[in-house]
Amino acid sequence: MAHSCIHWFRKGLRLHDNPALMAALRDCKELYPLYILDPNYTYGGKKRIRFLMGALKDLDCSLQKLNSRLFVVRGKPEEVFPELFSKWNITKLTYEYDTEPYGRSCVGKVTTLAQEHGVEVIYKISHTLYDIDRIIEENNGKPPLTYNRLQSLVKTLGPPKKPIPAPTMEDIKDVKTPCFEQHNKKYKIPSLEDMGVDSTSMEEEQFPGGEQEALRRLDEHMKMTAWVCSFEKPQTSPNSLRPSTTVLSPYTTFGCLSARTFWWRLSEVYRGKKHSDPPVSLHGQLLWREFFYTASVGIPNFNKMEGNPVCTQVDWDTNSDYLSAWKEARTGFPFIDAIMTQLRMEGWIHHLARHAVACFLTRGDLWISWEEGQKVFEEFLLDLDWALNAGNWQWLSASTFFHQYFRVYSPIAFGKKTDKNGDYIKKYLPILKKFPPNYIYEPWKAPLSIQQAAGCIVGKDYPRPIVQHEVVSKKNIQRMKVAYAKRSPHITDSPEKKKGTKRKAPTVVEMLMKKNRRQ
DNA sequence: AATCAGGTTGATCTT
DNA sequence: CAAGATCAACCTGAT
């Protein structure tokens, strides 16, 4: 039968490696590529909205080259779909699977509605390298809590699936997208002003959204064969003036770039050459993404401390003065304030810079809950990803995954390793640009004469440090020790085993099921 | 069951 | 200046 089909773009804002879109084109006479601007999913700040709008424009552009169009509708999916199902006589709905709790609840509602309208629903997994649920199954229903464990699990699953090419004119030759003159009025991509964003006050866009830009950026980096082969994340710099890493994260987050396409391009570059390995390699970075996605699916209340069974319960302070000083780059520690300024201005900071400011906010200095930091990153990050944001905040606050809480980043020493002169600080905090290198990481120690010569008096033109790092970090280590002492003992296996009863052996049927799933 | 090795990316001092 | 020891001492997963 010839279907009238909606392909629902959610993440996966691309044509390449889009198996759900390909499934839509099969036996299809009318195709409606749809994006829903969901008011409940307007997560993130204005830069992120600008990125999204760019990605939608690019998608519409690519669809036009295939004689199709993107339909953009504002509203809640569960309210939008019934009307569109009837209006367009829809018989099939395709979408890319999303592991986020909100995405899953949304899809649940929409699937029920589709059934009521007699609409066939097809989804495909293409946002992650693997089927995340399969990884958890392979680990007996529990998410791995270490990277090593994740690595051994994915080894048993084999390499990720190969990406599929974007649809061509040949794929779409029997398919029409009914577009009328009203299209530009009714289904157009809203302007930033329509979205409530005042774009006049915004900085220039450094990382424009969209699949074309994503693929261009991928090509640009994959050409640097030696750089790719020797890439080791811990060796890259958090405070270089230009990003020392690929900055492909905003593109994989929105699905402008397929993680599998990225993976296999890397494999091509590596082929026959000596190269770095996970966890530090670029392949390793994609596996970290997989690691946190798996954790986010397998751990309840993953973006919270309370009710999160693997998260250390810590008596974080409530301190709105400290929190706003951190958020607004007024801590008095130039390295921290420069990073927070870059984050606000550009929507991207290096991973290790995230480590420095996250440690500072939580266990290192300010003793504020990682959930507060998570919210600030939600507002500022272009590459905001629900699972990665929650997972990394837990990691850095030594709440989950990482437990060596006695390793504390110094807001003074850490940046010096890769930027002795403080050029990064001078770029983002120009008030400090005349400070000599030996004082730029701790300007409060500069004699008044030097402060005067630099045209910046600490306490007047730039804040004094809000805490004494050497003092509070020591105190905080002790507070972490107390929090850890209250943790319930590590359960090494099933609760039954803990109680002294034997774990049930798998039945033959269960073993066969597992074997079949592996094929 | 108890023990052990390893853990993407600390800081500081010594050799 | 690179490598190693020390600081204090965590947890997970493997054996």
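Residues numbered from 1 in each chain as written. Chains lettered and ligands numbered in written order. Predicted model: local features only at pLDDT ≥ 70, side-chain atom pairs only at ≥ 80, totals over all residues. Heavy atoms only, no water.

Asker: So what's going on with the nonpolar core? Residues and values would help.
Answerer: Soluble globular proteins tend to pack their nonpolar side chains together in the buried interior. In terms of nonpolar packing, the biggest core is built from 135 residues, with Phe9, Leu13, Tyr35, Met53, Trp326 and Phe435 touching the most fellow members. Sort the elements by how many residues they give to this core and helix 12 (residues 282–298) lands first, with nine residues. Discounting chain neighbours no more than four positions away, the residues touching Leu13 are Tyr35, Leu52, Ala55, Leu56, Leu59, Glu211, Phe254, Gly255 and Cys256. If you look at the next biggest cluster of nonpolar residues, it comprises 21 residues, including Leu34, Ile36, Val73 and Val110. (Core = buried A, V, L, I, M, F, W, Y, C linked by side-chain atoms within 4.5 Å. Buried < 20%, exposed > 50% of the residue type's maximum accessible area, 1.4 Å probe, protein only. Helix = DSSP H or I, 4+ residues; strand = E, 2+ residues; numbered from the N terminus. Contact = heavy atoms within 4.5 Å.)

Asker: I'd like to hear about the side chain of Ser369, residue by residue, with values.
Answerer: As for its position among the elements, Ser369 is in the loop between helix 15 (351–364) and helix 16 (370–380). Not counting residues within four places of it along the chain, the set of residues in contact with Ser369 comprises Trp316, Asp317, Leu361 and Thr362.

Asker: Give me the lowdown on the layout of surface pockets, citing residues and values where you can.
Answerer: The volume enclosed by the largest pocket comes to roughly 1200 Å³. Where the lining of the largest pocket is concerned, the elements lending two or more residues are helix 10 (249–253), helix 12, helix 15 and helix 17 (386–396). Of the residues that constitute the lining of the largest pocket, the class distribution is 25 nonpolar, eleven polar and seven charged. (1 Å grid on protein atoms, 1.4 Å probe; cavity = no way out; pocket = protein on both sides within 12 Å on 5 of 7 lines; lining within 4 Å. Points joined across faces, edges and corners; volume = space filled by probe spheres on them. Nonpolar A, V, L, I, M, F, W, Y, C, P; charged D, E, K, R; others polar.)

Asker: An account of the protein's contact with DNA strand B is needed here, citing residue identities and associated values.
Answerer: What surrounds DNA strand B is a group of 20 residues, the closest being Pro234, His355, Ser410, Phe414 and Lys417. Interatomic distance of 3.4 Å between a backbone N/O atom of Pro279 and a base oxygen of DNA strand B. Elements with a minimum of two residues in the surface near DNA strand B: helix 6 (147–157), helix 12, helix 15 and helix 18 (413–416). (Near = heavy atom within 4 Å. Polar contact = N/O pair within 3.5 Å; in protein donor to acceptor, adjacent residues only side chain to side chain.)

Asker: Please provide a residue-by-residue account of the sheet that holds strand 5 (residues 120–124), values included.
Answerer: The strand order across the open sheet formed by five strands is 3-2-1-4-5, and the pairing between neighbours is parallel. The open sheet has two edge strands with one neighbour each: strand 3 (71–74) and strand 5. Ignoring strand direction, the axes of neighbouring strands in this sheet form an average angle of 25 degrees. As paired elements, strand 4 (residues 92–96) and strand 5 share five bridges and run parallel to each other. Bridge pairing in strand 5 links Lys92 to Glu120. Most of the contacts of helix 4 (residues 101–116) go to strand 4, to which it runs at about 165 degrees, and overall it touches strand 1 (3–9), strand 4 and strand 5. (Pairing = 2+ DSSP bridges. Axes fitted to C-alpha atoms, helices over the stretch in contact; angles between N-to-C directions.)

So, to be careful, I would describe these as geometric facts and stop short of saying anything about function.
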